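Here are the chains, one letter per residue:
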Amino acid sequence: TVTDEPRFPWRGLMIDVSRHFQPINVIKRNIDALAAVKMNVLHLHLVDDHGFRVESKVFPQLTEKASEGKYFTQEQIKEIITYAGNRGIRVIPEFDVPGHASAFLTAFPELGSAPGPYKLQNRSGIFDPTLDPTNEKTYEFLNKLFTEMADLFPDEYFHIGGDEDEGKHWKENEHIKEFMRKNNYEDIHALQNYFVIRIQKHLTSLGKKTMGWDEILNKD
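Residues numbered from 1 in each chain as written. Predicted model: local features only at pLDDT ≥ 70, side-chain atom pairs only at ≥ 80, totals over all residues. Heavy atoms only, no water.

Enquirer: Got a minute to help me understand the packing of aromatic side chains in this structure?
Expert: The geometry of an aromatic ring pair is captured by the separation of the ring centres together with the interplanar angle, meaning the angle of the planes. Overall, the coordinates contain 17 aromatic pairs when judged by the stated rule. Measuring from ring centre to ring centre gives 5.8 Å for Phe52 and Phe104, while their planes differ by 65°; the resulting arrangement is edge-to-face. Of the two residues, Phe52 is situated in strand β3 (residues 51-52) and Phe104 in helix α4 (residues 102-107); the sequence distance between them amounts to 52 residues. Phe104 carries the same exposure label as Phe52, and that label is buried. A ring pair is formed by Phe104 and Phe141, whose centres lie 5.9 Å apart and whose planes are at 90°; its orientation type is edge-to-face. (Phe/Tyr/Trp six-rings, centres within 6.5 Å; stacked < 30°, edge-to-face > 60°. Helix = DSSP H or I, 4+ residues; strand = E, 2+ residues; numbered from the N terminus. Buried < 20%, exposed > 50% of the residue type's maximum accessible area, 1.4 Å probe, protein only.)

Enquirer: Quick question: what am I supposed to make of the pattern of salt bridges here?
Expert: Two side chains that carry opposite charge are able to pair once their charged atoms sit near each other. With the rule as written, the count across this model stands at 13 salt bridges. A salt bridge links Lys78 to Glu75, with the nearest nitrogen and oxygen atoms 3.5 Å apart. Here Lys78 pairs with Glu75, and both are found in helix α3 (residues 74-85), just three residues apart, close to one helical turn. The closest approach of N and O atoms between Arg198 and Glu136, which form a salt bridge, is 2.8 Å. Here Arg198, found in helix α8 (residues 188-205), pairs with Glu136, found in helix α5 (residues 136-152); they are 62 residues apart in sequence, far enough to count as distant. The class for Arg198 is partly exposed, based on a relative accessible area of 28%. (Salt bridge = Lys/Arg side-chain N within 4 Å of Asp/Glu carboxyl O.)

Enquirer: Please clarify how the side chain of His169 should be interpreted in this entry.
Expert: With respect to the helices and strands, His169 occurs in helix α6 (residues 168-172). Since its relative accessible area comes to 11%, His169 is described here as buried. Apart from residues no more than four positions distant in its own chain, His169 is found in contact with Ser113, Ala114, Tyr118, Asp128, Pro129 and Thr130. (Contact = heavy atoms within 4.5 Å.)

Enquirer: Help me understand the nonpolar core in this model?
Expert: Among soluble globular proteins, nonpolar side chains are generally buried collectively. Formed by 51 residues in total, the largest nonpolar core has its most connected members in Leu42, Phe52, Phe95 and Phe146. At seven residues, α5 tops the list of elements feeding residues into this core. With near-sequence residues (within four places) excluded, Phe146 lies in contact with Phe95, Val97, Phe158, Ile160, Ile199, Leu203 and Leu206. Core analysis: the second largest hydrophobic core is formed by six residues, Trp170, Ile176, Phe179 and Leu191 among them. (Core = buried A, V, L, I, M, F, W, Y, C linked by side-chain atoms within 4.5 Å.)

Written out as structure tokens, the structure is:
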């Protein structure tokens, strides 16, 4: 149970549809199973190195180039949210950043910390592609995308991942290293914290509470 609302404990399930896409009938079957055992959260891991799995009308390149044709339309997402809500289950989306970024960068390589080219992954593991936290275009892109997705997913929580960023491409990029020196960021964890805080501020402006994996924890 993980909650800041003790009277309403979270009991949920994550489905990783990026690595292993599941069609809507399978998602509904799992929602029925959640309801049967009194669980109340469906966490959809929508983006990883293996694919981008939700339609973006702002950035259609994400599904055109990085989904292999396997993704949920916005109407299907609304159908899932309604189906879950009728059974007392909230749906929380996860868009994993800044690491696990092969899908993002397959569509938008100019946002990467290395020159590329990039491609979707087809095996398990931790991969190097990482969004460039020193590029203002990265924040322009994510702010527009997350604004669209915050409107699509009504739950107050929005998951940004933040896990397993080992920073290999950051450490190899001279511009990023100079940015870290200039701003007195002693390691990649400090740089990631800078990135997370910027994303969190935008999500807060949208009325969302930011969630992430434990790697984003920081005194700030």
